[in-house]
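# A closer look at the structure
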Amino acid sequence: MHTTEYNRIAGDTIAAIGGAGDAHAAMTAAVATLKEQLPHYNWVGIYLMDGNDLVLGPFLGKPSPHTRIALDRGICGAAATQRQTIIVDDVNSDPRYLACSLETRSEIVVPILAGDRVLGEIDIDSDRLAAFGAQDRVLLEEVAAALADRLSSGRS
Ligand code: SME
């Protein structure tokens, strides 16, 4: 997919986040926009920090058994602990991976940060191997920044 398309999708998603009535609606809108516009995003969800765990919030795709993930577990835990985006090209060769669906082949996890504080993360699975690249990282880091604004502002 062309960069122009990614820019348009970033604009649409950030507008949906800004236009939502509250923080929960903003997360739901972001998940829906991303899932709808990017065919290789087979599962799209947002986890939120709750103490030392990540708790599943809005998502689209098959129900996941991992609704609560401790920080020392999974690719999700690793991305939150390192405060960095993690892209895994082949989940079946990554020992950290917690399986959500048998069809999943690759994954990207992008932390939602307010300064150094992890508010949560965007987690996306694809049924294609190595589905995520630099364009996905840029798009999702922009979306995560917009979500961080909504989650940390009074306008929740
Ligand atoms: N694969 C994630 C767990 C969440 S499911 O993909 C929805 C992980 O390894 O942390």
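Residues numbered from 1 in each chain as written. Predicted model: local features only at pLDDT ≥ 70, side-chain atom pairs only at ≥ 80, totals over all residues.

Here we take up the overall build of the protein chain. On a plain count of helices and strands, the protein chain comes out with four helices and six strands. Order of helices (α) and strands (β) in the protein chain, N terminus to C terminus: α-α-β-β-β-α-β-β-β-α. In terms of overall dimensions, the protein chain is globule-like: its C-alpha atoms have a radius of gyration of 14 Å, near the 15 Å expected for 156 residues. Looking at the protein chain as a whole, 39% of its 156 residues are labelled buried. Considering only intrachain contacts with a sequence separation of at least 6, the fraction spanning at least 24 residues in the protein chain is 52%. (Helix = DSSP H or I, 4+ residues; strand = E, 2+ residues; numbered from the N terminus. Rg over C-alpha atoms; globule rule 2.2 N^0.38 Å. Buried ≥ 20, exposed ≤ 12 C-beta atoms within 10 Å, placed from the backbone. Contact = placed C-beta atoms within 7 Å.)

Moving on: the packing of helix H1 (residues 3-19) against helix H2 (residues 23-37). Where H1 contacts H2, the axes come no closer than 8 Å and their chain directions differ by 160°. Our classification of the angle between H1 and H2 gives roughly antiparallel. In the crossing of H1 with H2, the sense of the turn from one axis to the other is right-handed. Counting all contacts with H1, which are made through Ile9, Asp12, Thr13, Ala16 and Ile17, the residues of H2 involved are Ala26, Ala29, Ala30, Thr33, Leu34 and Gln37. (Axes fitted to C-alpha atoms, helices over the stretch in contact; angles between N-to-C directions. Parallel < 35°, antiparallel > 145°, perpendicular 65-115°, else oblique. Left-handed = near helix turned anticlockwise from the far one by under 90°.)

Turning our eyes to something else, we now look at the site of the ligand. The environment of the ligand is formed by 14 residues, the closest being Gly74, Ile75, Cys76, Leu98 and Cys100. The set of elements that each furnish at least two residues to the shell around the ligand consists of strand E1 (43-50), helix H3 (74-82) and strand E6 (117-126). In terms of residue count, H3 provides more of the shell around the ligand than any other element does, three residues in total. (Near = placed C-beta within 6 Å.)

Now for the sheet that holds strand E2 (residues 53-60). Spatially, the six strands line up as an open sheet ordered E3-E2-E1-E6-E5-E4, and their pairing is antiparallel. On the outer flanks of this sheet lie strand E3 (68-70) and strand E4 (86-88), each paired with one strand and no other. The sheet shows a mean angle of 25° between the axes of neighbouring strands, direction not considered. In terms of strand pairing, E2 meets E3 through three bridges, oriented antiparallel. Paired with Leu54 across the bridge in E3 is Ile69. Contacts from H3 reach E1, E2, E3, E4, strand E5 (106-114) and E6 within the one sheet, and its direction differs from that of E5 by about 35°. Across the sheet, helix H4 (residues 134-152) is in contact with E4, E5 and E6; its angle to E5 comes to roughly 35°. (Pairing = 2+ DSSP bridges.)

Let us now look at H2. Owing to its 3.6 residues per turn, the α-helix aligns residues three or four sequence positions apart on the same side. In this model, H2 (15 residues) spans 21 Å end to end at C-alpha, consistent with the 21 Å of a helix rising 1.5 Å per residue. Burial in H2 covers these residues: Ala23, Ala26, Met27, Ala29, Ala30, Val31, Thr33 and Leu34. (Expected span 1.5 Å × (residues − 1).)

For the rest of this paragraph, the subject is the environment of Glu36. Mapped onto the elements of the fold, Glu36 is located in helix H2. Taking the number of C-beta atoms within 10 Å as the measure of exposure, Glu36 has 14 and is therefore partly exposed.

With that settled, consider H3. Burial in H3 covers these residues: Gly74, Ile75, Cys76, Gly77, Ala79 and Ala80. In this fold, the buried residues of H3 make contact with E1, E2, E3, E4, E5 and E6. Just beyond H3, the residue with positive phi is Arg83, at close to 55°.

Core analysis: the largest hydrophobic core is formed by 44 residues, its most contacted members being Ala30, Cys76, Ile122, Val143 and Leu147. In terms of residues, this core owes the most to one element, H2, which gives seven residues. Apart from the residues within four sequence positions on either side, Leu147 is in contact with Ile17, Ala26, Met27, Ala30 and Ile112. (Core = buried A, V, L, I, M, F, W, Y, C linked by C-beta atoms within 7 Å.)

Limitation: the analysis is restricted to geometry and does not speak to function.
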